[in-house]
Amino acid sequence: MPPNIETEADILKERVIPQEEFQKRVEQGEALFIYDAQVYNVSGFMKHHPGGEMAIRHVLGKDATDEIRVLHPPRVYERMIHHYSIGSYRPAVEKAQLQTQQTQQTQQPMKKTRADTASSLKTVWNGGLSVDSFDKEIQYLYTHHANDMATGEASQEALDLCALQEHFRRLEQDIKDRGWFECNYWRYAKECCRYILCLYLSLWLTLNGSETWHYMGGAVCMACFWHQLVFTAHDAGHNSITGRLQIDHLIGVGIANFIGGLSLGWWKDNHNVHHIVTNHPEHDPDIQHLPFLAITEKLFNNLYSTYYNRIMKYDAFSRFFVKYQHHLYYLILSFGRFNLHVLSIGYLLSSKNVRNRTLELSGIAFFFVWYSLLLSTLPTWNMVVAYVLVSYMLTFPLHVQITLSHFGMSTQDMGFHEPFPAKMLRTTMDVDCPEWLDWFHGGLQYQAVHHLFPRIPRHNLRLCVPFVKDFCHKTGLHYYSYNFSTGNGVVLGALKAVADQVGLMNEVARHNASVLGFNEKSNH
């Protein structure tokens, strides 16, 4: 090719798209986002995105550099993404000047805040087992935690955004250099032994049992088996086992669908959105649990869920459950597995773009066949019902673990341009525990670290904690970490704070009604 002839790709690479043009094209409906100062048009790709269309929609019109880097393997943002590049991005002059000023400040000492709140807040039960003492304790825990969050949110106004991004890049590179993005397959070998033991005990007790406690023991072991196995399905969904999309997807389908009766496709579609818009009341499906639970008063306003495409009605039924949600929390979560079946099947039957829909439906059908055959060996219908309830409801620790890291955290919208690491650390807390107890949490108790780097294998998350704390100390961000009991108290306190608002609103309504009735009588 003659040296003076430019290819179409070369012309596109040299094209500059000003901020004003970028915003105008987004408003006109083009699916554009920014990655590493380049503009990408993914209008024709969104429906085929392996992580779900909705995940991409939440980054349109913004700089999604951090989101893309942490949620995808390097080959995606180093090679594959460039097929959709349409030019380089030029910010407005004012913004460019601001970035230049901030860059000049990166060598200056940054304002530091207390990065770790774990040591300052502990659960202390001094009032016995009364409901009143329980309510006072969780209210104290949440009040203390809420003050910490208010301080953290206020400190974000003074963040040096360029320095924050630079430190985040260094943290990512440091973790990569230490090899912690690589999967340790020996950990999976140990876990497989635990899975096999739980399954073997469950089948042996169920198929050879002659007493009630044999069958119930089998149900308990089945619950343990499902509880533990979900952690590996989670890894497969994040493509952090082999690093190969198709292989990890099939591993995940085998575990989630065929063994657990749940849809991996639904989980990935839901979970990727959660990782991008964490704790946003209108967008994050992981905190949209009306009519049973509400973690923020914003949900009293009949918000529209962009994920479920429906209004989340706050009606009389919701008011009853939300008013007592801090007392019903564990009971409600014990029915979580039943709800996951409903969500999985609904997704596979109603969503337009499902990867391997037939395989996933076949997997769920296979689950109900083998589980039904197992139940058919039980001696009575009462035993069947008891077995189902025990095996399903005793998976509730998993649902506690899932909600624990977010239900007590901020649901504020800090704006479109909030830095990714700041948002993840503001909306997520870690749960600290002894290392020997990691098996119970699956290593996923470090959700703040996981949200910063979702592709780090969960077995390595504990190793990253000191480095994340150091990152927070350098940048002025808060790092929230509590032990398991304190974390539960914080979440229950957050639920109580919302429940108290329901009671207050009911009191106001009754007062207004009585005043209105008195005035009407006076007029007569």
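Please read these numbers as outputs of a predicted model, since none were measured by experiment.

Thresholds, definitions, all that
Residues numbered from 1 in each chain as written. Predicted model: local features only at pLDDT ≥ 70, side-chain atom pairs only at ≥ 80, totals over all residues. Heavy atoms only, no water. Helix = DSSP H or I, 4+ residues; strand = E, 2+ residues; numbered from the N terminus. Expected span 1.5 Å × (residues − 1). Buried < 20%, exposed > 50% of the residue type's maximum accessible area, 1.4 Å probe, protein only. Arc of directions from axis to C-beta. Contact = heavy atoms within 4.5 Å. Axes fitted to C-alpha atoms, helices over the stretch in contact; angles between N-to-C directions. Parallel < 35°, antiparallel > 145°, perpendicular 65-115°, else oblique. Nonpolar A, V, L, I, M, F, W, Y, C, P; charged D, E, K, R; others polar. Core = buried A, V, L, I, M, F, W, Y, C linked by side-chain atoms within 4.5 Å.

Draft legend 1. Examining helix H16 (residues 357-375) more closely. End to end, H16 covers 27 Å across 19 residues, agreeing with the expected 27 Å (1.5 Å per residue, within 8%). The set of residues buried in H16 consists of Glu360, Gly363, Ile364, Phe367, Tyr371, Leu374 and Leu375. One face of H16 carries all of its buried residues, which in axial projection span an arc of 105 degrees. Along H16, the residues that are exposed and aim more than 90 degrees away from the buried face are Thr358 and Leu373. Buried residues along H16 sit in contact with helix H9 (185-208), helix H10 (212-237), helix H11 (245-259), helix H12 (264-276), helix H15 (336-350) and helix H17 (381-393).

Draft legend 2. The packing of H10 against helix H18 (residues 396-404), seen in detail. The interhelical angle for the contact between H10 and H18, taken along N-to-C directions, is 40 degrees, at an axis separation of 8 Å. Between H10 and H18, the interaxial angle falls into the category oblique. Contact with H10, carried on its side by His227, Val230 and Phe231, involves Pro397, Leu398 and Gln401 of H18 and no other residues of that element. Split by residue class, the contact of H10 with H18 holds four nonpolar, two polar and no charged.

Draft legend 3. Highlighting the nonpolar core. The biggest cluster of nonpolar side chains holds 81 residues, and the ones touching the most others in it are Phe33, Tyr387, Leu425 and Phe453. Examining the composition of this core, we find that nine residues originate from one element, H10, more than from any other. When neighbours within four sequence positions are excluded, Phe453 is seen to be in contact with Val70, Phe168, Leu171, Glu172, Ile175 and Phe181. Counting 24 residues, the second-largest nonpolar core is a separate cluster that includes Leu141, Tyr329, Ile332 and Leu333.

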